[in-house]
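Working through the structure, step by step
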Amino acid sequence: VFVTLPANPGQGQVFFQSASPQFSSQSAAQGLQGFLQFPSQRRPVNGFGFSNPPPPLGSAQDPATQTCGLAPPGCVNSRYRSIDGTCNNLRRPAWGVPQTPYGRLLPYNYADGVSALPVSVTGQPLPNPREISLQLFPEKLLVDPIWNLNAMQWGQIITHDMSLTAGVTQSQGPGGQAAGTTLQGFGSDKESVTCCDDSGQLTSDAVTNPACAPILVPPTDPIQVPLGGQCLNFVRTATTRDRRCTPPQAPAEPLSVVTAYMDLSLVYGSSQGQAQPIRAYQGGRLVTLVRGGQEWPPQDPNVTQTCESAQSSNEPCYLTGDIRTNQNPQLALLQIILLREHNRLADTLAHLNPHWSDEIVFQEARRINIAQNQHINYYEYLPIFLGYENMIKNKLIYPGAKGYINDYNPSVDPAILDEHATAAFRHFHTLIRGYLSYISQDRQLIGAVRLSDWFNRPLILELGNSFNDLTRGLTVDNMDFSDQFWTSEITQFLFKRNNTFGGDLRATDIQRGRDHGLPTYVAARGACGLPVPHSFQDMTDYISEENVRIMESIYASPADVELVVAGSLERLVPGAQAGPTFLCILTEQFYRTRVADRYFYENGAEREIAFSPSQLESIRHGASMARLLCDNANDVRVMQPQAFRLIGESNKLVPCEAIPAIDLTLWQEPVGHFK
Ligand code: HEM
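Below, the structure is looked at part by part. (Residues numbered from 1 in each chain as written. Predicted model: local features only at pLDDT ≥ 70, side-chain atom pairs only at ≥ 80, totals over all residues. Heavy atoms only, no water.)

1. Thoughts on the coordination of the iron atom of the ligand
To be explicit about the condition: Coordination partners: N, O, S within 2.8 Å of the metal, 3.2 Å for Na, K and Ca; water not considered, so apparent gaps in a site are possible. For the purposes of this entry, the term helix denotes a DSSP run of H or I that reaches at least four residues, the term strand denotes a run of E that reaches at least two, and both are numbered from the N terminus.
Exactly one donor from the protein chain reaches the iron atom of the ligand: His429 (NE2), at 2.1 Å. Looking at where His429 falls in the secondary structure, it is placed in the loop between helix H11 (418-424) and strand S12 (435-439).

2. So, the pairing of S12
Short version of the rule: Relative accessibility thresholds used throughout: buried, under 20% of the residue-type maximum; exposed, over 50%; partly exposed, between the two (1.4 Å probe, protein chains only). Each pair of strands is called paired provided DSSP finds at least two bridges between the two strands.
The element S12 is largely enclosed, with a buried count of 4 among its 5 residues. Here S12 hands over to strand S13 (residues 445-450) after 5 residues, with Arg443 in that stretch at a positive phi of 65°.

3. Description of the nonpolar core
This is how the line gets drawn: Nonpolar cores are built from buried Ala, Val, Leu, Ile, Met, Phe, Trp, Tyr and Cys residues. Side-chain atoms within 4.5 Å join them into one set. Here, two residues are considered to be in contact whenever any of their heavy atoms come within 4.5 Å of each other.
Membership of the largest hydrophobic core comes to 143 residues, with the highest contact counts inside it found for Trp154, Met551 and Phe590. Ignoring anything within four residues of it in the chain, the contact list for Phe590 reads Ile158, Met162, Met262, Tyr378, Leu382, Leu386, Leu396, His420 and Phe425. Core analysis: the second largest hydrophobic core is formed by 8 residues, Leu164, Ala166, Cys245 and Leu255 among them.

4. Some remarks on the side chain of Arg130
Here is the rule we go by: Throughout this description, a polar contact denotes any pair of N or O atoms lying within 3.5 Å of each other; where both atoms belong to protein, one of them has to be capable of donating a hydrogen while the other can accept it, and for residues adjacent in sequence the pair is counted only when both atoms sit in side chains.
Examined against the element boundaries, Arg130 turns out to sit in helix H1 (residues 129-136). Side chain to side chain, Arg130 and Asp221 meet in a polar contact 2.6 Å long. A distance of 2.9 Å separates polar atoms of two side chains, one belonging to Arg130 and the other to Asp504. Not counting residues up to four positions away in its chain, the partners in contact with Arg130 are Ile215, Leu216, Pro218, Asp221, Ile223, Gln224, Leu232, Thr491, Gln492, Asp504 and Ala507.

5. Quick notes on the packing of helix H9 (residues 358-386) against helix H19 (residues 580-595)
Rule in force here: All axes here are fitted lines through C-alpha atoms, helices being fitted over the stretch that makes contact, and every angle between N-to-C directions spans 0 to 180 degrees. Any angle from 65 to 115 degrees is called roughly perpendicular, while one under 35 is roughly parallel, one over 145 is roughly antiparallel, and all others are oblique. Note on convention: the crossing is left-handed when the near helix lies turned anticlockwise from the far helix by less than a right angle, right-handed when the turn is clockwise.
Closest axis-to-axis distance for the H9/H19 pair is 11 Å, and the angle between their directions is 160°. As far as their axial angle goes, H19 and H9 are roughly antiparallel. Classified by chirality, the crossing of H19 by H9 is left-handed. Across from Tyr378, Tyr379, Leu382, Phe385 and Leu386 in H9, the residues of H19 making contact are Leu583, Leu586, Thr587, Phe590, Thr593 and Arg594.

6. Looking at the packing of aromatic side chains
In plain terms, the rule: Pairing of aromatic side chains requires ring centres within 6.5 Å, counting the rings of Phe and Tyr and the six-membered ring of Trp. Pairs whose planes differ by under 30 degrees are stacked, by over 60 edge-to-face, and all others tilted. Two conditions define a charge sitting above a ring: the NZ of Lys or the CZ of Arg must be within 6 Å of the ring centre, and it must be within 35 degrees of the ring normal.
Summed over the entire model, instances satisfying the criterion amount to 17 aromatic pairs. An angle of 5° between the planes, with centres 5.6 Å apart, marks the rings of Tyr108 and Tyr110 as stacked. Summarising the aromatic geometry, the rings of Phe493 and Phe501 are spaced 5.0 Å apart at their centres and angled 20° between planes, so their arrangement reads as stacked. One residue, Arg367, lies across the ring of Phe611, its end atom 4.1 Å from the ring centre. Residue placement shows Arg525 over the ring face of Tyr542; its charged tip is 3.4 Å from the ring centre.

Quick look at the structure:
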């Protein structure tokens, strides 16, 4: 089913083929009413050009046979997911595996059709990303009245499960990211690149290295100019072109280096090499170190590189399934919660089933941990952001369902859409707060820390009672409002280390969008079936007059307006935390993530993989964010049942024992059931 949309300036006809039931052209004011109900059975989606049919199996374009993302020689249909996502799709065993390109809704928009950063329709460079950040995404503290900071933070967990741009580490200097970015392996000759140094000066690499695209400081910059800064660091994502996986004249396809599946790869790793050092190989557990009577992840062997703000190599610096773990304290905190949850499940399962081997206990605990996580994501987290009704209409959730939901679709590519990872989901950087509260057991504020003091330095979690106080803080602080206002902690102080100022995450997001050749705002709206603006004036239908005027003063043409920028300025769709264009992309992504996963926890089509009906019911009844926090922060005794929502009349604190739990005795097996 192809939908032909009205022509839009500079882009010609746009063809949109959604994998998900999508919504029709609705203005934000019309809200969630009237979304089109497309049939759930769709033509295959291949992630390599939205409108093209998938390449024939085994052909040169077949991702499974490309060297970016290696397919195994053959697949065994295992009860358990592989660590690297291979063989989830038995016909296309390399779908969703690390080192494969992001999926795309729309073609690449490079200036030269191959890899050059896009330019204006006038042929001039696009406006300066830092200038856009300063003018359209300033600081103003407006907090969300309903949802807490945990809802923000959990989004980063979901993100880290789904994608990671190749070549970008999180040990990033004040230049915005990556003082010494490591390009991860696979034939890349660019071991470590710095385009703009710690003092904001262009390096020799900046001109000679094609991986460099530093963000220049505009003359109007009130922070960087007085410091004498010339630039903010920016290193381009590694692509299929860098690795010679696509022909020289084909568009460079940026790569993601983690599994696309929602499989807790951030806990378990995306490769055997990552998984091996974090497994205890005893009792099905993951490795932990006990300090101060609490369990912590093992130590990263390379503290100074991974936790670059650490003052000594003896400071805690965690090794987990994801290289970004130490980036900020709340992220590390939730990673530790998920790690402890694995071990809690493993210990219980091992106790119930003393005859199980380490491997069986590990895999069964992993399987339950992933299922709980999927349940929390789809039924607790996503409805807040995508809208509950929208999710039901588009077949992302089935509230009240009894039994299995057999909607696995092997024709849907699980690759994470670039429009999602590089534009839509990054919009939620707006939700970040600059300070983290310490909250006591009786929910009193007892302290606070500044985010930028603790980037890449997880030590703080182990000081005194910080871990528990910060866990309560996540559930008591409001998240920031979903709007155009960003905290300066990430637009002026990102990864500042010992410097006065640091990088700018919004400018980085904008530059990353160009780096990946994202489609324009106009093209994306067209692809979503939304009214396409032909002038700046047209945009005032869904973006405030004031912001449209600023865009008009920055951009040479409405056709230049970028998805990352204007998508974040749209009025929110009622009941959701994004405007219509980003909501379309997010809905499409999370539909695909669900139906492209053969191991999705609600799928019962294959008996050997499925949970039993009673186990599934127990997961639906007992998996919750509140339970996860209660069980794994070791001094959180009361919690509100909806742990992404602020405490209130309809969401009162209750003793942890009153919050439903999964009945793990349903996993007790008679001796001999497992080999
Ligand atoms: C304190 C919290 C956070 C910090 C400091 C942070 C920082 C960053 C940084 C430095 C990058 C890489 C930028 C680049 O070089 O392109 C990034 C990427 C990203 N962030 Fe955040 N982030 C935070 C929270 C979140 C949240 C809450 C979400 C969504 C709900 C999110 C979504 C994303 C996405 C989708 C990417 C791209 C992932 C990829 O494919 O590589 N982030 N973030």
